[in-house]
Amino acid sequence: MFERTREFRIYCSQVVPGLLQTPEYASALLRSIAIQNETPDDVAEAVQARVACARVLRQGGHRFAFIIEEAVLYYRLGGTEVMAGQLGHLLTVMSLPSVAIGVIPFARTRATWPLHTFSMYDAVEVRVELLTAAVTVTAPGEIEQYRKAFEVLASMAVYGAAARELVVRAVTSLDD
């Protein structure tokens with residue numbers, strides 16, 4: 001799916017999107033999930049797979065639109081050093097020509113409520129992440145609803161210098 005998709009649209013309200021995660025952040029996140037779900041510890045293998053998927057960010061022919069809630073920048077997964085590295089990585093990835101990262105500010109008047117995390121792969125499939133499962137949506141009418149929701153969320157986000165400013169503010173808050 002990652003190789004075939006040309007346009008990725010990803011919204012996250014709780015964590016940094018998987019394709020943008022550093023190995024340390026992914027490790028902290030996946031370890032917390034393994035503990036929560038009482039599953040075997042395959043975190044190292046899962047992190048390796050996640051990092052391998054992220055190579056599509058730098059391969060030609062793909063476009064990425066990420067929307068995250070500002071709160072994502074403040075949820076401290078893995079501690080201060082891990083978050084500093086993760087936020088620094090976000091600043092670096094924002095400069096890639098194929099990547100657009102929008103941040104919905106805390107103070108923004110909401111046109112819709114924060115939704116669950118979802119990823120759109122072209123207009124073919126949507127994957128929704130829930131606590132106990134991932135749901136795959138392929139019905140065209142439902143995909144269209146996610147497309148519309150993504151547009152609304154994207155319209156509330158800030159981009160470019162304004163988004164970088166929010167990330168830098170979150171980095172600065174790590175000293176608090």
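Up top you'll find the structure we're talking about.
Residues numbered from 1 in each chain as written. Predicted model: local features only at pLDDT ≥ 70, side-chain atom pairs only at ≥ 80, totals over all residues. Heavy atoms only, no water.

## Observations concerning unusual backbone geometry
Working step 1: Even without a glycine there, the phi angle at Asp122 is positive, about 50°.
Working step 2: When you line up the elements, Asp122 lands in the loop between strand S4 (118-121) and strand S5 (125-129). (Helix = DSSP H or I, 4+ residues; strand = E, 2+ residues; numbered from the N terminus.)

## Regarding the sheet that holds strand S1 (residues 7-12)
Working step 1: Strand order in the open sheet formed by 6 strands is S3-S2-S1-S4-S5-S6, with mixed pairing between adjacent strands. Edge positions in the sheet fall to strand S3 (99-104) and strand S6 (134-137), since each has one partner strand and no second. With strand direction ignored, the average angle separating the axes of adjacent strands in the sheet is 15°.
Working step 2: Bridge analysis of S5 against S6 gives 4 bridges, and the strand direction is antiparallel. When the sheet's bridge partners are listed, Val126 is paired in S6 with Val137. (Pairing = 2+ DSSP bridges. Axes fitted to C-alpha atoms, helices over the stretch in contact; angles between N-to-C directions.)

## Structural notes on the environment of Leu29
Working step 1: Inspection of the secondary structure assignment puts Leu29 in helix H1 (residues 23-37).
Working step 2: Assessed through its relative accessible area of 9%, Leu29 is described here as buried.
Working step 3: Aside from chain neighbours lying at most four places away, what touches Leu29 is Val15, Gln21, Arg50 and Leu77. (Buried < 20%, exposed > 50% of the residue type's maximum accessible area, 1.4 Å probe, protein only. Contact = heavy atoms within 4.5 Å.)

## Considerations on the pattern of salt bridges
Working step 1: Per the counting criterion, the structure on display carries 7 salt bridges.
Working step 2: A salt bridge links Arg9 to Glu7, with the nearest nitrogen and oxygen atoms 3.8 Å apart.
Working step 3: Of the residues examined, Arg9 reaches a relative accessible area of 12% and is grouped as buried.
Working step 4: For Glu7, a relative accessible area of 39% corresponds to the partly exposed category.
Working step 5: Beyond isolated ion pairs, a larger network of salt bridges with shared partners links Glu144, Arg147 and Glu151. (Salt bridge = Lys/Arg side-chain N within 4 Å of Asp/Glu carboxyl O.)

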